[in-house]
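So the chains spell out like this:
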Amino acid sequence: MNNIFVYCEIEEGKVADVSLELLTKARDLASTLGCRVEALAIGHNLQGIEKQLATYGAEIVHVADGEELAPFRTLPHAAVVCGVFKEEKPQIALFGATCTGRDLAPRVSSALHSGLTADCTSLEIGDHKEAKTGKEYKDLLYQIRPAFGGNIIATIINPDCRPQMATVREGVMKMEPVANPSPAEVKTVDYKKYLGDTDFAVKIVAREMEERKINIKGAPIIVAGGYGMGSKEGFGLLYQLAEVLGAEVGASRAAVDAGFAEHERQIGQTGVTVRPKLYIACGISGQIQHTAGMDGSSMVISINTDPEAPIGKIADYAIVGDVNTVIPKMIKYYKQNSK
Amino acid sequence: MNEALKIVVLAKQVPDTRNVGKDAMKADGTVNRAALPAIFNPEDLNALEQALRIKDRYPRSTITILTMGPFRAAEVIREAMFRGADGGVLLTDRKFAGADTLATSYTLACAIQKMNPDLIIAGRQAIDGDTAQVGPQVAEKLGLPQVTYAESIDAIDLQSGEITVRRRLERGIETVVMKLPGVITVNASAPECRPRNAKMVMKYKHARTVSEVQQQQEDYYMALHKERCYLCIPEWGAADVNAEEASLGLNGSPTKVKKIENIVFQTKEAKRLTGTDADIEGLVKELISSHTIG
């Protein structure tokens, strides 16, 4: 009882990376709290799913398996999650900050009257003393996220309501299998008792899903551009550099909002979190929303005309100069010096 | 449904988080909205456009903007009226202050219950919080279905009361049919909102809330509003929407802000370089010899 639950996203029999990342984090939190990690798998044809989940630390796997539960639809999944949570009373519940998690988790939090924090960049366990009443709380979940356009970092807590709920973007937490995993205990959820007719008010009539074309999360080198690249055409330089270096092209939110690059390339709190061995930030000022998604890079090179740009403070090499002259030079000298 | 839909669009006036100054936060960790330029939340404009497109198709439909905020949030209602909305309601009360997404959703849901719409449309998320929680939470509070990440409304069948919506997800597009009444939240990838319409600007330029009329203390407005009641933007407080006080504002919010930190970068020893050929060549050679590249 009062364990940590992870809602696991499953597509075509495979657990999403974000869910495995959350299980990895949940293990860490559970060892601090002295509780267990439970996974909730809702979908269809889920036989054997517990093996994937146990590898990343799920000790108990609740499985709701039925044709009407796949593909994901908000209402039936919300009803099953709420039903299970009411019975199991988790102290913490984690969801991926994906289109699914960001659709489902608020619905669940409203139904259970439990607080939810979106897009956390860090989760920790800590205590709290209420200033007004002097009431003390032990072992709360600190839900830490940039807020307010990335101008501040807020630590949010849910002192009184359970579960304490948070969503986390893909790539923010590390994904590490357990060294010697034990098999998970499987609990079959008698889900039909949670569902009513109104839970089927939305029908899926068509789905056109594509394989992910751009994989910046796994790229060892990333050449990222910001608003300072000036235009979509300006981004062309980044593709040239990326091609010679064998890199992927990333972008800041400002650049994506301005239409310079596709959303799939967005790095930062509201995009993807990356940890490449080399990150080249071109025309990126370096607001916290962006750096939250790349400050785990092994090496950062910034190219910016503004010597005071905040990106210079987290860079290993800060090149003060114009991207339009610096990048061609990098390409030229790379070609000259590499074999 | 009589060839018309009754639509409520949820809109929020947000601080322009792209231009934030030092005094933006109060000591208690809440936002000092008074110190910031205020704008119409961008995705709420995408939501308004979807409502206007329904009204284009079914001109007897009505669009009412619902916004919660301080007195000056009436600006977003006026702006929406200039673009084609029929009117709006300002939810304003000191008791609403400090609300998290759940308390906000509760308050909005109380007001929507009073308005009894067929369809509620909102932006996916507001730029000051980026949570995307209010839409789904409003839907849950009202016991209605939800469709999030909408990019377009492809069809409406008024006979069966069904609406076909295209959703933009990470890896593709999903088309769903929702039974009305329901809630739709609209993505930034949806079409932009049309600009102001000159006729509407003329018609509604004197639209004011009661508080705004009182502030101006001009008999002219009083008389005008008495004569043309469509210019009066209603203001509703907690009592007007039969809200339970314990569920409002800071007290009704399960989440609390424990701590706010300003951003302090841990300064590394950045090696400063210029854009000269010598510097760039030196760097590239260094990266190659350390096997970082190549």
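Cut-offs and rules
Residues numbered from 1 in each chain as written. Chains lettered and ligands numbered in written order. Predicted model: local features only at pLDDT ≥ 70, side-chain atom pairs only at ≥ 80, totals over all residues. Helix = DSSP H or I, 4+ residues; strand = E, 2+ residues; numbered from the N terminus. Buried ≥ 20, exposed ≤ 12 C-beta atoms within 10 Å, placed from the backbone. Contact = placed C-beta atoms within 7 Å. Rg over C-alpha atoms; globule rule 2.2 N^0.38 Å. Pairing = 2+ DSSP bridges. Right-handed = clockwise from strand over helix to strand, strands pointing away. Nonpolar A, V, L, I, M, F, W, Y, C, P; charged D, E, K, R; others polar. Core = buried A, V, L, I, M, F, W, Y, C linked by C-beta atoms within 7 Å. Domains from an automatic or database assignment. Axes fitted to C-alpha atoms, helices over the stretch in contact; angles between N-to-C directions. Expected span 1.5 Å × (residues − 1). pLDDT = per-residue confidence, 0-100. Parallel < 35°, antiparallel > 145°, perpendicular 65-115°, else oblique. Left-handed = near helix turned anticlockwise from the far one by under 90°. Arc of directions from axis to C-beta.

(A) Just the overall build of chain B, in detail. Scanning chain B from N- to C-terminus turns up 8 helices and 15 strands. Split into buried and exposed, the 294 residues of chain B put 47% on the buried side. Pairs at least 24 residues apart make up 69% of the contacts formed inside chain B by residues separated by at least 6 positions.

(B) Geometry of the overall build of chain A. Secondary structure summary: chain A contains 9 helices and 18 strands in total. Here chain A has a C-alpha radius of gyration of 22 Å; the compact-globule value for 339 residues is 20 Å, and the two agree. When its C-alpha atoms are laid out on the principal axes, chain A stretches across 65 × 55 × 40 Å. Buried positions account for 56% of the 339 residues belonging to chain A.

(C) Focus on the pairing of strand β15 (residues 248–251) of chain A. Residues and elements named next belong to chain A. The alternating pattern of β15 places E248 and G250 on one face and V249 and A251 on the opposite face, and all of these are buried. Pairing analysis gives 4 bridges linking strand β14 (residues 221–225) to β15, with the strands arranged parallel. Its bridge partner being in β15, V223 is matched across the sheet by V249. Running through helix α5 (residues 235–245), the crossover from β14 to the neighbouring parallel element β15 is right-handed.

(D) View of the interface of chain B and chain A. Every contact between the two is made by 67 residues of chain B and, on the other side, 72 residues of chain A. Sort the elements by how many residues they give to the side of chain B that touches chain A and strand β9 (residues 172–179) of chain B lands first, with 8 residues. Looking at the side of chain B that touches chain A residue by residue, the classes come out as 29 nonpolar, 18 polar and 20 charged. Here 6 bridges tie strand β10 (residues 152–157) of chain A to strand β14 (residues 256–262) of chain B, and the two strands are oriented antiparallel to one another.

(E) Structural view of the nonpolar core. All names here are of chain B. If you look at the biggest cluster of nonpolar residues, it comprises 71 residues, and the most contacted ones within it are V9, L48 and I121. Looking at which element gives the most residues to this core, the answer is helix α3 (residues 101–115), with 8 residues. Leave out the neighbours within four places in its chain, and V9 touches A47, L48, A51, I63, I65, A80, A85 and I121.

(F) Quick peek at the environment of A239 of chain B. Locating A239 of chain B in the fold gives a position in the loop between β13 (235–236) and β14. Distance from A239 of chain B to D93 of chain B, taken between C-alpha atoms, is 9.4 Å for residues 146 residues apart in sequence.

(G) Geometry of the domain arrangement of chain A. Residues and elements named next belong to chain A. On domain assignment, one finds that chain A holds domain 1 (4–200) and domain 2 (221–337). Summarising the inter-unit geometry, the C-alpha centres of domain 1 and domain 2 are found 33 Å apart. Each partner contributes residues to the interface: domain 1 has 8 residues there, and domain 2 has 9 residues. For the side of domain 1 that touches domain 2, the per-class residue count stands at 2 nonpolar, 3 polar and 3 charged.

(H) Summary view of the sheet that holds β14 of chain B. One open sheet accounts for 4 strands, arranged β8(A)-β9(A)-β10(A)-β14(B); its pairing is antiparallel. Strands at the two margins of the open sheet, each flanked by one partner only, are β8 (122–129) of chain A together with β14 of chain B. Across this sheet, the average inter-strand angle for adjacent strands is 35°, counted without regard to direction. Across the sheet, helix α1 (residues 17–33) of chain A lies against β8 and β9 (136–147) of chain A, angled at about 25° from β8 of chain A, the strand it touches most.

(I) Region of the structure containing α1 of chain A. Taking 1.5 Å as the rise per residue, α1 of chain A with 17 residues should run 24 Å; its terminal C-alpha atoms sit 24 Å apart, in good agreement. Of the residues flanking the end of α1 of chain A, it is G34 of chain A, one or two places downstream, whose phi is positive at about 70°.

(J) Summary view of the confidence of the model for chain B. Averaged over every residue, the pLDDT of chain B is 91; the share at 70 or more is 91%. Interface predicted TM-score (ipTM) for the complex: 0.88; the corresponding pTM is 0.86.

(K) Fine view of the pairing of β10 of chain A. All names here are of chain A. For β10, the buried fraction is high: 6 of the 6 residues fall into the buried class. When β9 meets β10, the two strands line up antiparallel, connected through 5 bridges. What sits directly across from I144, in β10, is T155.

(L) Structural view of the packing of helix α4 (residues 101–112) of chain A against helix α4 (residues 134–142) of chain B. Where α4 of chain A meets α4 of chain B, the axes come as close as 8 Å, and the angle between the chain directions of the two elements is 40°. In terms of their interaxial angle, α4 of chain A and α4 of chain B are classed as oblique. For the crossing formed where α4 of chain A meets α4 of chain B, the hand is right-handed. Taking contact as the criterion, the partners of D103, P106, R107, S109, S110 and A111 of chain A in α4 of chain A are, on α4 of chain B, P136, Q137, A139, E140 and K141 of chain B. The residue inventory of the contact of α4 of chain A with α4 of chain B, partitioned by class, reads 4 nonpolar, 3 polar and 4 charged.

(M) Spatial organisation of the environment of S189 of chain B. Among the secondary structure elements, S189 of chain B is positioned in the loop between β10 (182–186) and α5 (198–204). Beyond its immediate stretch of four places on either side in the chain, S189 of chain B contacts E151 and R168 of chain B.

(N) Region of interest: unusual backbone geometry. Between R162 of chain A and P163 of chain A the backbone carries a cis peptide bond, its omega angle lying at -5°. Secondary-structure assignment places P163 of chain A in the loop between β10 and β11 (164–168). In this model, L180 of chain B is joined to P181 of chain B through a cis peptide bond whose omega is 0°. Relative to the helices and strands, P181 of chain B resides in the loop between β9 and β10. Despite not being glycine, E12 of chain A shows a phi value in the positive range, around 55°.

(O) Region of the structure containing the sheet that holds strand β8 (residues 162–169) of chain B. Pairing within the open sheet is mixed, and its 10 strands lie in the order β13(A)-β9(B)-β8(B)-β7(B)-β10(B)-β6(B)-β1(B)-β4(B)-β5(B)-β13(B). Each edge of the open sheet carries a strand with a single partner, namely β13 (202–209) of chain A together with β13 of chain B. Relative to β10 of chain B, strand β7 (residues 146–157) of chain B runs parallel, the two sharing 3 bridges. Bridge pairing in β10 of chain B links V147 of chain B to I184 of chain B.

(P) The arrangement of the packing of helix α3 (residues 74–88) of chain A against α4 of chain A in detail. All names here are of chain A. At a minimum axis separation of 9 Å, α3 and α4 run at an interaxial angle of 50°. Relative to α4, α3 is oriented oblique. Seen along the crossing, α3 lies across α4 with a hand that is right-handed. The residues of α4 that touch α3, namely those facing T74, H77, A78, V81, C82 and F85, are D103, L104, R107, V108, A111 and L112. Looking at the contact of α3 with α4, its residues break down into 8 nonpolar, 2 polar and 2 charged.

(Q) Examining α5 of chain A more closely. Residues and elements named next belong to chain A. Every buried residue belonging to α5 is among F235, L237, L238, L241, A242 and L245, and all of these are buried. Angular distribution of buried residues about the axis of α5 spans 145°; they occupy a single face of the element. Turned more than 90 degrees away from the buried face of α5 sit G236 and E243, all of them exposed. The positive-phi residue at the C-terminal boundary of α5 is G246, with phi of around 70°.

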